[in-house]
Structures are given as structure tokens and as C-alpha cells.
Amino acid sequence: MNNEMNQHKSKPQNIDAEILDQLVEQLTSVAALDFSVKNKHIKGDGSPLDTIALGLNMLCEELEDRVVGIDQLEEKNRQLESVISRMNDFQYALDSSSIVMMIDLKGIIVYVNDKFCEISQYSRKELIGQSSDILDSGFYSIDYWKEIWNTIEQGKIWSGETKEKAKDGSIYWVAKTIVPFLSPEGSPYKYMFVNQDITLSKELEQRIISSMLNSQEKDREVFAENLHEGIAQSLAALMLQ
């Protein structure tokens, strides 16, 4: 009996205090979600504390890898959110200042903004999913549009002024830029039409040209009258002589 009690008392003395202290520190770190602390006093003697320390080290390593993965994922998410935010800002600025339409490779309309609907007088429902031919004004030849398509199909940007017809038949002018969206291979997969309304400037230009032509016509009439009178006076003088 006394021997058993003595054995009982001697067991706590065999516990490795260094491993135990390290286990307490490690468990405290795990509770704080810090998995970087590892038990460095493992002896590999198969004792219970040694086995627990080894298993806890392995668990911490696995959790630490996962935490790093989560941190990287969160950083990627933050970067993506930042990119999306900037894209939204660009989209807002573009939609606020320009008349925008997008079509796919087949010429099907996939996007129009409010300004496009306003100037063309078509609703978004009337345009999305329809061929862009619905917007053909009829003012340009097939060769004209072929030249434009040949340019953008090569991935090049086309810019120019075009005369357009709204749904009610009224006329408007736009400064048009067609931007191809290119795949990693360099081939277009979508086209964006960015237009600026220049109707007022074109009307003013036409009025100026008309005014100049009228002025020139009047000048020619005055010149002709002066010339006629001059010739008549010269003839009269000759006759008098």
C-alpha cells in the first residue's frame, strides 16, 4: 500500500515542465487565433505530453496555412472591390457625358445607356437583343459601313461624324468613336460606340455656310450690276464722243 502511494506521488515529478509550459503558451495563442507559436521541446519519447505537443504543432501548422490562404483571399477581394469601384466610377462618368451603345460580333445590341435612348427615342426594351440595323439612318451607302466594319474587325478604333435618324424621323448628328474590346488573343469580341451629340454645332455650321453662300450670291449680283452699269456708261461715253 505504501509502495503504491509512493508511486502515485512520484508520477507528477516525471512531467516535463518545459513541454507543459510550452503547451500552455501554445494553447493560449491558439485561443487568440495565433497559430504561429510551436512547441520546441518535443523529445519524441512517446510520452503523453510529448504526443499532445506533437499533435498540437501539426494542427497549428495546418491552421496557419489556412489562415494565410484566407488572408490572401481577403486581400484579393479587397483589390477586386477596388477595381470594381473604379470601373463603376468610369461607367458613371461615361454614362453621364456620352451616348453609349455596345454590340456583339453579330451586331446585336447588348447595352445602351439612358442618353442613347433619349436621343434615339427608342426604349431600352426596343433595342436590347435587336440588330443594330434598326438604327440605320439610310444616309450612308453599304460601302461606307463596310469600310467602318473592316477597320474595327481588325481591332482598330474608328472615329468620325455621322448623321443619324431618331425613331420619329428627326435628324441628329454625333461624333462617333467605335472601340473594339479585344480578347487576350487580340481578336474583337465586343464593340462599344461612344457618341457625342454635335447637332447644334452642325446646324450652326450649316447656317454659317448658307449665310456665306447667300452673301457670295449677293456680291455676285452687285458685281454684275456694277459691271453692267460700268459697261453701259462706257458705251454711252463712246457714243457721245
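The structure presented is a predicted model; accordingly, all values stated were derived computationally and were not measured.

About the criteria used
- Residues numbered from 1 in each chain as written.
- Predicted model: local features only at pLDDT ≥ 70, side-chain atom pairs only at ≥ 80, totals over all residues.
- Heavy atoms only, no water.
- 1 Å grid on protein atoms, 1.4 Å probe; cavity = no way out; pocket = protein on both sides within 12 Å on 5 of 7 lines; lining within 4 Å.
- Points joined across faces, edges and corners; volume = space filled by probe spheres on them.
- Helix = DSSP H or I, 4+ residues; strand = E, 2+ residues; numbered from the N terminus.
- Nonpolar A, V, L, I, M, F, W, Y, C, P; charged D, E, K, R; others polar.
- Patch = residues over 30% accessible without salt bridge, like charges linked within 9 Å, V, L, I, M, F, W, Y side chains within 5 Å.
- Areas by Shrake-Rupley, 256 points an atom, 1.4 Å probe, with all protein chains shown as cover.
- Salt bridge = Lys/Arg side-chain N within 4 Å of Asp/Glu carboxyl O.
- Buried < 20%, exposed > 50% of the residue type's maximum accessible area, 1.4 Å probe, protein only.
- Pairing = 2+ DSSP bridges.
- Axes fitted to C-alpha atoms, helices over the stretch in contact; angles between N-to-C directions.
- Contact = heavy atoms within 4.5 Å.
- Expected span 1.5 Å × (residues − 1).
- Arc of directions from axis to C-beta.

Draft legend 1. View of the layout of surface pockets. Estimates place the volume of the largest pocket at around 400 Å³. Lining of the largest pocket is provided by 21 residues; of these, S132, L135, D136, W145 and F193 occupy positions nearest its centre. Mapped onto the lining of the largest pocket, the elements with two or more residues apiece are β1 (99-103), α4 (114-120), α6 (142-153), β4 (171-182) and β5 (188-197). Taken together, the residues of the lining of the largest pocket sort by class into 14 nonpolar, three polar and four charged.

Draft legend 2. Quick look at a nonpolar patch on the surface. Together, V83, M87 and F90 give the surface a local cluster of nonpolar side chains, amounting to about 310 Å² of exposed area. The residue V83 is located in helix α3 (residues 48-97) in this model. Judged by relative accessible area, V83 falls into the partly exposed class, the value being 38%.

Draft legend 3. Molecular detail of unusual backbone geometry. The phi torsion at Q121 lies on the positive side, around 70°, for a residue other than glycine. With respect to the secondary-structure elements, Q121 resides in the loop between α4 and α5 (124-127).

Draft legend 4. Quick peek at the sheet that holds β5. Pairing in this open sheet of five strands is antiparallel, and the strands run β2-β1-β5-β4-β3 from one edge to the other. Unpaired on one side and paired on the other, β2 (109-112) and β3 (158-165) mark the two borders of the sheet. Each neighbouring strand pair of the sheet contributes to a mean axis angle of 25°, computed without reference to strand direction. Here β1 pairs with β2 via three bridges, running antiparallel. Within β2, the position partnered with I103 by the bridge is I109. Where α6 meets the sheet, its contacts fall on β1, β3, β4 and β5, and the angle it forms with β3 comes to roughly 140°.

Draft legend 5. Inspection of the pattern of salt bridges at higher detail. Under the defined criterion, the tally for this structure stands at five salt bridges. K202 is the partner of E161 in a salt bridge, and the nearest nitrogen-oxygen pair spans 3.2 Å. Placement of E161 in strand β3 and of K202 in helix α7 (residues 199-240) is noted, with a sequence separation of 41 residues between them. On the accessibility criterion, E161 (43% relative accessible area) is partly exposed. By relative accessible area, K202 is classed as buried at 11%.

Draft legend 6. Layout of helix α2 (residues 17-31). Compared with an ideal rise of 1.5 Å per residue, which puts 15 residues at 21 Å, α2 spans 21 Å between its outermost C-alpha atoms and is within 8% of the ideal. Within the span of α2, buried status applies to I19, Q22, L23, Q26 and S29. Down the axis of α2, the buried side of the element spans an arc of 130°, and every buried residue falls inside it. Along α2, the residues that are exposed and aim more than 90 degrees away from the buried face are D21, T28 and A31. Backbone geometry just after α2 places L33 at a positive phi near 65°.

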